[in-house]
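Summary of structural features
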Amino acid sequence: MSKKPPKKIRKVQRTILIVGEGYAEIQLLKYFKQLYHPREAGFVIKPSNAHGKGASHVVDHAIGQRRNIAYDVAAVLFDTDTDWNPPVRRRANEHGLLLLPCEPCLEAELLRIHVQGEVSDTSNNIKRRFMQRYEAHAHELDYGRHFPAVDLDPIVQTEAVLGRLIQLIQTGRLP
């Protein structure tokens, strides 16, 4: 009679869902994950694309994803320029979603890293300024070239949306 080898005991890892509003947010999430998420972190980051349609749709997409898979943590990264309002905030809070709202859009948050002073205008004007500065749309941008870790590290300790996102990717928790 042969002895069977002992079964490996596998440790269950925590899973974190981060839903981005569109392709730009997913590109950024992948870049941040590459920079800040060590393989042995003890948790897995799962980016998901809500394919646009505003804050309400992003929240609904995250709620639906969480119904299908029991993620330990779910966060939403979205622009506040389209249908971000108290009922949407309430629905997100009721479902335990971590909120990462970009005021008024992701491009504004990215511009704030390199531009001194306040970045406030309409989303279209901010996106135009972003395009002029980086010569690419946010979903096409080479994030490694324009946003090296040396530029990002100072924002990690701030309450800025991107700083909170990096902390979530590093630690699995928001501050």
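Preceding this paragraph is the structure being described.
These figures come from a predicted structure and were not determined experimentally. (Residues numbered from 1 in each chain as written. Predicted model: local features only at pLDDT ≥ 70, side-chain atom pairs only at ≥ 80, totals over all residues. Heavy atoms only, no water.)

Sheet architecture is open: 4 strands sit in the order 2-1-3-4, paired in parallel fashion. Each end of this open sheet is capped by a strand with a single partner; those strands are strand 2 (43-49) and strand 4 (98-102). Neighbour-to-neighbour, the strand axes of this sheet turn through a mean angle of 15°, independent of strand direction. As judged from the 7 bridges shared by strand 1 (residues 14-20) and strand 2, these two strands associate in the parallel manner. In the sheet register, Ile16 faces strand 2, and the bridge partner there is Ile45. Most of the contacts of helix 2 (residues 55-68) go to strand 3 (residues 73-79), to which it runs at about 160°, and overall it touches strand 1, strand 2 and strand 3. (Pairing = 2+ DSSP bridges. Helix = DSSP H or I, 4+ residues; strand = E, 2+ residues; numbered from the N terminus. Axes fitted to C-alpha atoms, helices over the stretch in contact; angles between N-to-C directions. Contact = heavy atoms within 4.5 Å.)

With that settled, the discussion passes to the state of the cysteines. A full pass over the atoms with the stated rule returns 0 disulfides. Free cysteine: Cys102, not disulfide-bonded; nearest cysteine sulfur from Cys105 at 7.8 Å. Residue Cys102 is classed as buried on the basis of its relative accessible area of 0%. Residue class for Cys105 comes out buried when judged on its relative accessible area of 0%. (Disulfide = S-S within 2.5 Å. Buried < 20%, exposed > 50% of the residue type's maximum accessible area, 1.4 Å probe, protein only.)

Before going further, it helps to examine helix 8 (residues 161-171). The buried count for helix 8 comes to 9 of 11 residues, which makes it a mostly enclosed element. Every buried residue of helix 8 is listed here: Val161, Leu162, Gly163, Arg164, Leu165, Ile166, Gln167, Leu168 and Ile169. Among the residues trailing helix 8, Gly172 stands out with phi positive, at a value near 85°.

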